[in-house]
Amino acid sequence: MEWYRLKLVGLKDSIIGRLMKNLENYEDIFHLDREQLKNYFKIDDDTINSIYDSKTKDFTKHFEKLKNLGIKIVSLKDKNYPKMLRNIAQPPIFLYYKGDLSLVEKERIIAIVGTRKATTYGKNCCEKIVDELVDGDVVIVSGLAMGIDTISHRRTLQKNGKTIAVVGSGLDVVYPLENRKYWEEIGEKGLLISEVPLGTPPNSFNFPRRNRIIVGLSRGVSVIESREKGGSLITAFLALEEGRDVFAVPGDIFSPVSLGTNELIKKSEAKLITSGKDILEEYGWEIDSKDSIEENNFFMSNDEKKIYEILSVEKNLDEIILESGIKAGNLLAILMEMEIKGIVASISGGKYRRKK
């Protein structure tokens, strides 16, 4: 936390990074005189004054606020700084986090990104991929934005999996507000991360920089629906630059939110996937055997079992009524309950399909 005092007096990360690179400990700064600091590190008098202020100023209130909010800080010099993130081109000097930091050291970590305006197809693809990755004990990383990000986090939490949210605001500034519930739940059951200080609003320029952290924490990045110039493509290209694998789900050739993913596949910049199992197989990661309905604690009534068997292929309501013999009113109530349990999903065209 000593290095963090430099941040609190307003030093730029570039200067702090330079000092960290050349000095072993924060205290080593004060073994140098002002002329040495000025000549060796090429910093001006005002900056040197700030450096000396960092040693004497009282930051008790700030540290108490962090403690009360349950927020901790890890620096590039700390042993528990994420190893994979440390090796990207521009690792953050400091990370603010809330939750279980040990998740960043798991072997199986995959990022999922995509459009903020997901279609029903994109939503269903995302849920299917997340379900299978969580069954494979994979930690899901995303950015807690609306759309695919939110679906990824929500579905992981529903499956009792582990998820990391990398956000573009201070950890005391919930954004978007609609995601407050998931923000709080991830802070308790997973991990919330930000590189920007407390109180920082969700400025637009924070998000492209945030994306490099999503990439740096992950073994690979999966893109589910992206426009031709969408933010998800920025993440995909960052992943390629950092030597990470990129996966993409093919989409409707007439849909604007599939232009980006289809182009990634067409140019061989991403590996085509149609399931989470494709990613597990890519890395030779074994799939958790607990992937059946029964083993996932989904209790089904006799009517639910009958409907589940009927939905071996997609079918509309009339077809299900005809084959099951269940009256329409009762059938709709059962299907709704099965959707809540995550056993079936309603899709376009008034049809239903299995989710397991």
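Provided above is the structure to which this section pertains.
What you see is a predicted model, and the numbers here were worked out from it, not measured in a lab.

S.K.: How do you make sense of the nonpolar core when you look at a structure like this?
M.R.: Generally speaking, a soluble globular protein has its nonpolar side chains buried in company with each other. Of all hydrophobic cores here, the largest spans 36 residues; its most connected members are W3, L6, L19 and I29. Of all the secondary-structure elements, those providing two or more residues to this core are helix 1 (4–8), helix 2 (13–22), helix 3 (34–41), helix 4 (45–56), strand 2 (94–99) and helix 9 (180–189). Considering each element in turn, this core owes the most residues, four residues, to helix 2. In this structure, L19 is in contact with W3, L6, L11, I29, F41 and I51, ignoring residues within four places of it in sequence. If you look at the next biggest cluster of nonpolar residues, it comprises 33 residues, including I164, L217, I265 and A270.

S.K.: Please clarify how the environment of R353 should be interpreted in this entry.
M.R.: The topology assignment puts R353 in strand 12 (residues 351–354). Separated by 143 residues in the primary sequence, R353 and R210 place their C-alpha atoms 36 Å from one another. Sequence-distant contacts of R353, defined by excluding residues within four places in its chain, comprise N124, L311, E314, I343, V344, A345 and I347.

S.K.: Would you take a moment to explain the pattern of salt bridges for this structure?
M.R.: Pairs can form between side chains of opposite charge once their charged atoms are near each other. Applying the stated criterion across every chain, the model contains 20 salt bridges. Close ionic contact of E195 with R212 constitutes a salt bridge, the shortest N to O distance being 2.6 Å. Pair noted here: E195 is in the loop between strand 6 (191–194) and helix 10 (206–217) and R212 is in helix 10, with a separation of 17 residues, a long-range link. With a relative accessible area of 9%, R212 lands in the buried category. Residues K271 and E282 are paired through a salt bridge, measuring 2.6 Å at the closest nitrogen-oxygen approach. Of this pair, K271 sits in strand 9 (residues 271–272) while E282 sits in helix 13 (residues 276–283); the two residues are eleven residues apart in sequence, bridging distant segments of the chain. Judged by its relative accessible area of 34%, K271 is partly exposed.

So, how was this worked out
Residues numbered from 1 in each chain as written. Predicted model: local features only at pLDDT ≥ 70, side-chain atom pairs only at ≥ 80, totals over all residues. Heavy atoms only, no water. Core = buried A, V, L, I, M, F, W, Y, C linked by side-chain atoms within 4.5 Å. Buried < 20%, exposed > 50% of the residue type's maximum accessible area, 1.4 Å probe, protein only. Helix = DSSP H or I, 4+ residues; strand = E, 2+ residues; numbered from the N terminus. Contact = heavy atoms within 4.5 Å. Salt bridge = Lys/Arg side-chain N within 4 Å of Asp/Glu carboxyl O.

By themselves, these figures tell us nothing about what the structure is for.
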